[in-house]
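Chain by chain, the residues run as shown.
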Amino acid sequence: MASKKFKTEVTDLLQLIIHSLYSNREIFLRELISNASDAIDKLRYLSLTDEKYKDFQNEFRIDISFTENNPRTLTIKDNGLGMNEKELEDDLGTIAQSGTKKFLSSLKESDQKDSNLIGQFGVGFYSAFMVADKIEVTSKKAGEDKAYKWTSDGKSTYTIEEAEREGNGTTIVLYLNEDGSSYANRYEIESLIRKYSDHIAYPIYLEYDQVNYDYEHKDEKGEPIRTSEHKIEKINSSSALWRRNKSEITDEEYKNFYKNNYYDNEDPLFYIHTKAEGTTEYTTLFYIPAKAPFDMYYADYTPGVKLYVKRVYITDDDKTLLPAYLRFVRGVIDSEDLPLNVSREILQENRVMGAIRNGSVKKLLSEFKKMSEQNPELYEKFIKEYNRPLKEGLYSDYANRESLLELVRFHSSRTEGYVSLNDYKEHMKADQKAIYYITGGTETTLKSSPLVTSYKDKGYEVLIMDDDIDEIVVSQLFEYKDLPFKAINKSGALDEEKSDDEKAREEEKKPLVEKMKKALDGKVKDVIISSRLSASTPACVIMDENDPTVRMQRILKQMGTDAPEAKPILEVNLSSPLIQRIEEESDEEMVRKLSTVVLGNALLQEGLMPEDPVAFSAMLSSLLSM
Ligand code: ADP
């Protein structure tokens, strides 16, 4: 029998697991039981959908037994689908599973070996090598004749040989090492099953010898008579939690279910258990993790919702069960009405699935809303993690836009922290006709920008939209409860506010405008006269209604989009001495210098670099030295 080498990545992984998970090594049992349960899920599914497997509807179960000495072993046996020779080779000899691969690469990337990160992955079968120095996996695939045994010490090689096994399924024997010695113990195993695997839908039996002492009767030595009784006891409650009645489930059971199924050490922020009855019948149990999943911003994020049909597991890898912006939600959807052999393609177009998806989204959004009203503190935590994905929903989920508008939060000129659009509306001045906002900078630069200050001084609140995504989102929102959104740093906001006097003054100041435009020679799209800046501010830059802000243009450029470059508009303040000076100045070179400095300064105030910082600084120095 030839022994084969593991792929190098497996050896790497084994070492990593052993080192990083060591203090948490008891999870190996959870991993093996969950593999056994998956293998039974697969066979159960086939037995219900594939003629060839219909005789396999036997009593599915998982059996655990142990020997205390010579050798000290722990055995986990299932009557699931099993593996044939090739699958033993492929599944246990390489890292087949993408979750494991992600685990490896993010550990390497982040160098962050804390158990929280590790907790987000299923590390699987290999974790058993933390407690065993040899493992034998004997398996017979359902519907095939031969059984095979895979053996390895977890160091660098493994062997596969033909073997005997009664019936289909897999038997895993761990030869426990020093660190694993405590697991050959009835109480230890029982408590681990209760802790991690209580929700497993198939019965888990533990086989052990119960020793009884009969104190009434003594032997020749005067010791109580000792008898031993062989017992096989079911340990888990083996009912799908979500199928039980809400009133019968404790908070702790809900939380344990989450922690054991979704690889999180922390309690969820909250959970929502719903049984929908009516034209489509289904049950959902959704959890919101306390911390956003680490891969929330990866394009190939792992979806968090599992689909069951009448308690039969169908998939945990379908990104269409919920819309992408709700990808942080974890949980279960269990349908009564879908066919068991529903394929991925069917799922996407299926009417029943569509109804479940819509119902689930509505339920989630309405629960978020409820939380915002009833538990603001919790909602604040929620927003800290999930404001951004909800904003994505504003442009991707048109049908629920109204609800999402109630949920998202923005920074504001009025207060620290976040405000809702409703808060904004309630604080509006009587004559106010629009929701004012500003984009194109960080929270600090925007809050201190002269434009925001001038609105604030007049008693208007301005939403500070400093999130990268805000500018894209807000450009697609037209109004909230009949109030239009107006960017204060875009030209459109101004026109309606102008009085006739202001319009007349604009006419009168045309020569100044022309003079500055000429001096700035193509650096600005326009120069306009301000009616809103406070006295100490000579000028500010704004954008034309339809142009993206300078910051947005830079983001678009970084993303590789070549959007045409849009120039800012310079808005000047007639009561500023600097602008008055330009108006009076007749020397063209001087006008050019002064105008360039005014523009550069206005850009800096928005946290933006002037186009040519060296020239700007040279001009500033030359002016100062005069
Ligand atoms: P994961 O379970 O995350 O896929 P594992 O390393 O635990 O990763 O297992 C690798 C693969 O080995 C599984 O995906 C499965 O195909 C197979 N496997 C493991 N245990 C069993 C089992 N008890 N019965 C059948 N197949 C199994």
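Residues numbered from 1 in each chain as written. Predicted model: local features only at pLDDT ≥ 70, side-chain atom pairs only at ≥ 80, totals over all residues. Heavy atoms only, no water.

Asker: Would you explain the overall build of the chain in this entry?
Answerer: The helix and strand tally for the chain stands at 22 helices and 23 strands. A globule of 626 residues ought to have a C-alpha radius of gyration of about 25 Å, yet the chain, at 34 Å, is considerably larger. Principal-axis analysis of the C-alpha atoms places the extent of the chain at approximately 120 × 55 × 55 Å. Looking at the chain as a whole, 51% of its 626 residues qualify as buried. If you take every contact in the chain between residues at least 6 apart in sequence, the share linking residues at least 24 apart comes to 70%. Carbon and sulfur atoms make up 47% of the accessible area of the chain, which amounts to about 30800 Å² in all. Across the chain, 86 positive and 113 negative side-chain charges occur, with their mean positions spaced 1 Å apart. (Helix = DSSP H or I, 4+ residues; strand = E, 2+ residues; numbered from the N terminus. Rg over C-alpha atoms; globule rule 2.2 N^0.38 Å. Buried < 20%, exposed > 50% of the residue type's maximum accessible area, 1.4 Å probe, protein only. Contact = heavy atoms within 4.5 Å. Areas by Shrake-Rupley, 256 points an atom, 1.4 Å probe, with all protein chains shown as cover. Lys, Arg positive; Asp, Glu negative; His and termini not counted. Charge placed at Lys NZ, Arg CZ, Asp CG, Glu CD.)

Asker: Is there a simple way to think about the packing of aromatic side chains in this case?
Answerer: Here a ring pair, both rings aromatic, is described through the centre-centre distance and the interplanar angle of the planes. Scanning all chains against the criterion turns up 28 aromatic pairs. Between F382 and Y386, the ring centres sit 5.5 Å apart and the planes meet at 50°, which makes this aromatic pair tilted. Placement of the pair is F382 and Y386 together in helix α10 (residues 376-396), with a separation of four residues, close to one helical turn. Its relative accessible area of 0% is what places Y386 among the buried residues. (Phe/Tyr/Trp six-rings, centres within 6.5 Å; stacked < 30°, edge-to-face > 60°.)

Asker: Just to check I follow, could you spell out unusual backbone geometry for this structure?
Answerer: Backbone geometry follows two general trends: most residues other than glycine have a negative phi, and most peptide bonds adopt the trans configuration. At the junction of N70 and P71, the peptide bond is cis and its omega measures out at -15° in the coordinates. Assignment of secondary structure puts P71 in the loop between β2 (62-67) and β3 (73-78). With phi around 45°, Y263 is a residue other than glycine that occupies positive phi space. Structurally, Y263 is set in the loop between α7 (251-261) and β10 (270-276). Accessibility expressed as a relative area gives 22% for Y263, which makes it partly exposed. For D482, which is not a glycine, the phi torsion comes out positive at approximately 70°. Mapped onto the elements, D482 comes out in the loop between β19 (479-480) and β20 (483-487).

Shape is all these values report; function is a separate question.
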